[in-house]
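A structural walkthrough
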Amino acid sequence: YPPCSTCKNAKKWLLSHDIAFNSRHIVKETPSFEELKKWITLSNQDIKSFFNTSGNVYKSLNLKEKLLELSFDEKVALLASNGMLIKRPILIDGQNVMVGFKESKYSEHFKKA
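Thresholds, definitions, all that
- Residues numbered from 1 in each chain as written.
- Predicted model: local features only at pLDDT ≥ 70, side-chain atom pairs only at ≥ 80, totals over all residues.
- Heavy atoms only, no water.
- Axes fitted to C-alpha atoms, helices over the stretch in contact; angles between N-to-C directions.
- Helix = DSSP H or I, 4+ residues; strand = E, 2+ residues; numbered from the N terminus.
- Left-handed = near helix turned anticlockwise from the far one by under 90°.
- Contact = heavy atoms within 4.5 Å.
- pLDDT = per-residue confidence, 0-100.
- Phe/Tyr/Trp six-rings, centres within 6.5 Å; stacked < 30°, edge-to-face > 60°.
- Buried < 20%, exposed > 50% of the residue type's maximum accessible area, 1.4 Å probe, protein only.

**Topic: the packing of helix α1 (residues 5-16) against helix α6 (residues 103-112)**
Think of two packed helices as two axes; the pair is described by the angle between the axes and how far apart they sit. Look at α1 against α6: their axes get within 11 Å of each other, and the N-to-C directions meet at 35 degrees. Handedness of the crossing formed by α1 with α6: right-handed. On α6, the residues that touch A10, W13 and L14 of α1 are E103, Y106, S107 and F110.

Below you can see the structure in the form of structure tokens.
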């Protein structure tokens, strides 16, 4: 999502380390249910980490309470319904998925690669 400052920081970090990547506008090209389900599984993280909990859409829908009542598939469908609900950036390298940007995690990940 181009205006996202965290996405800008991740992009800057990747460029400064000469790591090639493809950008995807998460609102204009919202990931599908199938993509999200695959990414969540690959990430080995709780699905909650994929929600942009600080975003206005999350707050306006009162999802903090509502998510407790939803099944896994219902949560994935909700994420697939609105790109602004998805925490970003999402880094996918085919075998691993990282949500959000922390320089230390990126450094450790790419040290292994």
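Having seen the structure, we can now continue with the description.
**Some words on the confidence of the model for the protein**
Interpreting fine coordinate detail is not advised for predicted regions of low pLDDT. Of the residues in the protein, 99% have a pLDDT of 70 or more, and the chain-wide mean is 94. Of all helices and strands in the protein, the one with the weakest mean pLDDT is α6 (90), whereas helix α5 (residues 72-81) scores best (98).

**Regarding unusual backbone geometry**
The linkage connecting R88 with the following residue, P89, adopts the cis geometry, with an omega of -5 degrees. Checked against the element boundaries, P89 lands in the loop between α5 and β1 (90-92). Positive phi is not limited to glycine here, since D18 has a value of about 50 degrees. Within the fold, D18 resides in the loop between α1 and α2 (33-43). Look at N62: it is not a glycine, yet its phi comes out positive at around 55 degrees. Structurally, N62 is set in the loop between α3 (56-60) and α4 (63-66).

**With respect to the environment of F21**
Structurally, F21 can be placed in the loop between α1 and α2. Separated by 60 residues in sequence, F21 and S81 place their C-alpha atoms 25 Å apart.

**Some thoughts on the packing of aromatic side chains**
In total, this model carries five aromatic pairs according to the counting rule given. Aromatic pair F101 and Y106: ring centres 4.7 Å apart, planes at 85 degrees, arrangement edge-to-face. One exposure class covers both F101 and Y106, and it is buried. What links up through ring pairs into an aromatic cluster is the set W13, F101, Y106 and F110.

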